[in-house]
Structures are given as structure tokens and as C-alpha cells.
Amino acid sequence: MSRINFADPGFLYLLLLVPAIVAFYILKQQKAFASIRMPGLEPLNVPVKTFRNYLRHILFALRMIAVSLLIIVLARPQSTDRFQDVSTEGIDIILALDISGSMLARDFRPNRLEASKNVATEFISGRPYDRIGLVVFSGETFTQCPLTTDHAVLINLLREIESGMIEDGTAIGMGLANAITRIKDSEAKSKVIILLTDGVNNRGEVAPATAAGIAKTFGVRVYTIGVGSRGMAPYPVQTPYGTQYQNMPVEIDEDILKDIAANTGGRYFRATDNNKLVEVYSEIDKLEKSKIDVRQFTKKEEEYLPLAVIAFFLLAVEMLLRFTVLRKLI
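The rules behind the values
Residues numbered from 1 in each chain as written. Predicted model: local features only at pLDDT ≥ 70, side-chain atom pairs only at ≥ 80, totals over all residues. Heavy atoms only, no water. 1 Å grid on protein atoms, 1.4 Å probe; cavity = no way out; pocket = protein on both sides within 12 Å on 5 of 7 lines; lining within 4 Å. Points joined across faces, edges and corners; volume = space filled by probe spheres on them. Helix = DSSP H or I, 4+ residues; strand = E, 2+ residues; numbered from the N terminus. Nonpolar A, V, L, I, M, F, W, Y, C, P; charged D, E, K, R; others polar. Phe/Tyr/Trp six-rings, centres within 6.5 Å; stacked < 30°, edge-to-face > 60°. Buried < 20%, exposed > 50% of the residue type's maximum accessible area, 1.4 Å probe, protein only. Core = buried A, V, L, I, M, F, W, Y, C linked by side-chain atoms within 4.5 Å. Contact = heavy atoms within 4.5 Å. Pairing = 2+ DSSP bridges. Axes fitted to C-alpha atoms, helices over the stretch in contact; angles between N-to-C directions. Expected span 1.5 Å × (residues − 1). Polar contact = N/O pair within 3.5 Å; in protein donor to acceptor, adjacent residues only side chain to side chain. Parallel < 35°, antiparallel > 145°, perpendicular 65-115°, else oblique. Left-handed = near helix turned anticlockwise from the far one by under 90°. Arc of directions from axis to C-beta. Patch = residues over 30% accessible without salt bridge, like charges linked within 9 Å, V, L, I, M, F, W, Y side chains within 5 Å. Areas by Shrake-Rupley, 256 points an atom, 1.4 Å probe, with all protein chains shown as cover. Salt bridge = Lys/Arg side-chain N within 4 Å of Asp/Glu carboxyl O.

J.: Which residues make up the layout of surface pockets, and what are the values?
T.: Size it by volume and the largest pocket reaches roughly 350 Å³. The wall of the largest pocket is formed by 16 residues, among which Ser 102, Asp 198, Gly 199, Tyr 235 and Glu 251 lie closest to the centre. Of all the secondary-structure elements, those providing two or more residues to the lining of the largest pocket are strand E8 (232–239) and strand E9 (242–249). A total of 3 residues in the lining of the largest pocket trace back to one element, the largest contributor, which is E8. Taken together, the residues of the lining of the largest pocket break down into 6 nonpolar, 7 polar and 3 charged.

J.: Describe the packing of aromatic side chains, with residues and values.
T.: Applying the stated criterion to the full structure yields 3 aromatic pairs. Ring plane angle 35° and centroid distance 6.5 Å describe the contact between Tyr 223 and Phe 269, whose orientation is recorded as tilted. Here Phe 269 lies in strand E10 (residues 268–271) and Tyr 223 lies in strand E7 (residues 220–227), a separation of 46 residues in the sequence. Both residues of the pair, Tyr 223 and Phe 269, belong to the buried class.

J.: Lay out the nonpolar core with the relevant residues and their values.
T.: Ranked by size, the top nonpolar core spans 34 residues in total, and within it Leu 95, Leu 134, Ile 194, Ile 225, Leu 277 and Tyr 281 carry the most contacts. At the level of secondary structure, the elements contributing two or more residues to this core comprise strand E3 (91–98), helix H3 (112–125), strand E4 (131–137), helix H4 (151–159), strand E6 (190–197), E7, E10 and helix H8 (274–287). Among the elements that take part in this core, H3 stands out by supplying 6 residues, more than any other. Discounting residues that sit within four places of it in the chain, Leu 277 has contacts with Phe 108, Ala 115, Ser 116, Val 119, Leu 196, Ile 225, Val 227 and Ala 271.

J.: Go over the sheet that holds E7, please, and point to the residues and values.
T.: Read from one edge to the other, the open sheet built from 6 strands follows the order E5-E4-E3-E6-E7-E10, with strand pairing classed as mixed. The sheet is open, and its two edges are formed by strand E5 (141–148) and E10, each paired on a single side. Adjacent strand axes in the sheet meet at a mean angle of 15°, parallel and antiparallel pairs treated alike. Two strands pair when backbone bridges link them, and E3 and E4 are joined in this way by 7 bridges, in the parallel orientation. Looking at E4, one finds that Asp 92 is bridged to Arg 131. On the sheet, H3 packs against E3, E4, E6 and E7 and is oriented at approximately 170° with respect to E3.

J.: Could you give me a rundown of the pairing of E6, with the residues and numbers involved?
T.: When you tally the buried positions in E6, you get 8 out of 8 residues, the bulk of the element. Across the two faces of E6 the burial is the same, with Ser 190, Val 192, Ile 194 and Leu 196 and Lys 191, Ile 193, Leu 195 and Thr 197 all buried. Direction of pairing for E6 relative to E7: parallel, over a ladder of 7 bridges. Among the inter-strand pairings, Ile 194 is bridged to a residue of E7, identified as Tyr 223.

J.: Could you give me a rundown of H3, with the residues and numbers involved?
T.: Taking 1.5 Å as the rise per residue, H3 with 14 residues should run 20 Å; its terminal C-alpha atoms sit 20 Å apart, in good agreement. When you tally the buried positions in H3, you get 10 out of 14 residues, the bulk of the element. Two or three places before Leu 113, at the start of H3, stands the capping residue Asn 111, its side-chain oxygen 3.1 Å from that residue's backbone nitrogen.

J.: Account for empty space enclosed by the protein, naming residues and giving values.
T.: For the structure on display, the rule yields 1 cavity of 30 Å³ or more. What the largest cavity holds in volume is close to 40 Å³. What lines the largest cavity is Leu 95, Ala 96, Leu 97, Ala 120, Leu 134, Leu 158, Ile 194, Leu 196 and Tyr 281. Considering every element that reaches the lining of the largest cavity, the biggest residue donor is E3, with 3 residues. Classifying every residue of the lining of the largest cavity gives 9 nonpolar, no polar and no charged.

J.: Which residues make up the packing of helix H6 (residues 208–217) against helix H7 (residues 254–264), and what values go with them?
T.: A pair of packed helices is characterised by two quantities: the angle between their axes and the separation of those axes. Contact geometry for H6 and H7: axes closest at 9 Å, N-to-C directions at 15°. Classified by the angle their axes make, H6 and H7 are roughly parallel. The interaxial crossing formed by H6 with H7 has right-handed handedness. Taken together, the residues of H7 that come into contact with H6 (itself represented by Pro 208, Ala 212, Ala 215 and Lys 216) are Ile 256, Ile 260, Asn 263 and Thr 264. When grouped by side-chain class, the residues that make up the contact of H6 with H7 number 5 nonpolar, 2 polar and 1 charged.

J.: Describe helix H9 (residues 304–322), naming the residues involved and giving the relevant values.
T.: In this model H9 runs 27 Å from its N-terminal to its C-terminal C-alpha over 19 residues, within 8% of the 27 Å that 1.5 Å per residue would give. Inspection of H9 places Ala 308, Ala 311, Leu 314 and Glu 318 among the buried residues, and these make up the whole buried set. Angularly, the buried residues of H9 cover 125° about the axis, an arc narrow enough to put them on a single face. More than 90 degrees from the buried face of H9, the exposed residues found are Leu 305, Val 309, Phe 312, Phe 313 and Leu 320.

J.: Which residues make up a nonpolar patch on the surface, and what values go with them?
T.: Among the surface-exposed residues, Phe 11, Leu 14, Leu 17, Ile 21 and Leu 74 lie close enough to one another that they form a single nonpolar patch of about 410 Å² accessible area. Along the chain, Phe 11 turns up in the loop between strand E1 (3–6) and helix H1 (17–31). Since its relative accessible area comes to 35%, Phe 11 is described here as partly exposed.

What follows is the structure, given as C-alpha cells:
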């Protein structure tokens, strides 16, 4: 947004002379016509002042306006635009999200998957300068979105995720290996994977420990999140009457998740409800902060030309009236 500044603001003090000149002009007009009393004579036949008599004051008004504008021109008004150039020592982040059927359990509101998507969306929105990608897994794995700074596209793709998109199961090692593939060649200062799951590895050709070793080799730090309440939780179960929810034990292989985090320099977190999940992402956000350097640029443009044109136009009009229409009244 532009704002007006003056390069030589000291000239603006000359505007204080304008009211003084106006006051002097008014006083001079009052003294210009003395009243004459002549005893014994009939009142003189004084001509009545017409509208043209008052027009002569326009000449003075035009000149004062022009002088005021010229004083402002001398002060050199300038419009100023400010810009910011933001440079970052970026962090590349891959979100590896479990979308297995158990993620529909309702110990989170409305379920684990939707709660995870909502919190991840807030996390993405809070990191505008980082490249972030998205990998999903259950019995298989695929890349939903490669690393990108177009977070609007990423968030839309995140919202489209549903359980059942791929074969069911929990292939933690495969999901982690896919995420590593997407980030290993990054030249970012920091390479991070946030792996979220609610189960035990039971599918896939790559063991979680093997994937963790690969992540360590490529300098990728992995934060692991176990999602699920403690004890029992209502899981979706397919029955002849459709999907029903039954309370079943919550089983999360925390030992594997802890080992993955420890071997790669990350941390393990356990989220037992919506609020705890928000706290987990908030903690990761604090641990992985981008260094941002902000440089400001100022662009100035001279704005005196329109004022100067108006001032000279008013002076021209004043001179034209003085020597034509109002010549006999001066």
C-alpha cells in the first residue's frame, strides 16, 4: 500500500504565510473604501455593486491556491511502496499418513483419519516457506503429492484422502521407504518425515527397521506419531448388516515407532485424543523452525507533477481573467 512522504518537508512551513496573506488582503479591502459625509447635499448616487464586482476576488483566490500548490511542489511529495524479499534456509517435510481401515475408529472426533487430516492441514498452513509433500499407506503405499510450496494444492489433495483408496493393512516400512524416496535427493537444510499410524506393521516387503536405516543414511529425521486412545476403542467392523462399530483393544507398535525415531534423530509422540494430536504437531512445529531472512525494499515515485500542472493552470486562468473579463474591475 502506497503512502505519501515529502522529500523536503521544510518548505511546508511556507504554507503558514498563506493565512497571513489572506488576512492582509481582507484588511486592505476594508480600508480601500472610506465613507464620505457631505452636509447639506443629497445622498450621492453611488452605483450598486453587481456580481461582477465580487468576481475580482476570484483572482486573489486563484493565486493563493496556486501559490499553496507550488509550495507543496517545492516540498516534493513522493509515494512510497514497501516490498519484502523473504529468503529461507528451507525445511523439506514429507507427511506419511496411515489410511488403513482402523483409522476410522471413533476414539477421535469424528474419527482418527479426519482428525489427522484436520490437524495436518493446520500444520501445513502454518509453514508457508517450507516444501511439504504427502505419502499415504495402508497395505500398499503411494505418493499423494510430491514436495511442493503450493500448499493450496497440497491441502486439497490431503482433503481427498479416504480409507479404502488402496488395499487395507498396515505397511509402516513401505510407507516410510516411499517417503524417503521422495525426500532423499532434497538439498534442503533439513529433511524431515512425519509418520503417523495407529497400528502394527503387518504388510509390505520392507521392514520398518530397514527403512529407518535408509532414512539415517540419507540424513532424514523421522518423527513418529502413534494415534489411538489407551485401552478399548470403537473400530468399524463389516457385518451382513453393514458397517458397525465394536469396542476392540487399541494396538500400536510403539517399540518400532520409538526405534525409528531414535535411529534417525527424531522423536516419538503418542496422541490419545484430538487435543493431544494438536499438541504433538505444535511440538514438531517448534522443533523444526525455518530460518527466515527478510529484506525490505522501498520504491519511491515523485508525485509533484500533477500539482504543478494544476498550479500553473490556475495562474493561467487568473492572468486570462485579469486582462479580459475582469480587466475593468481591477
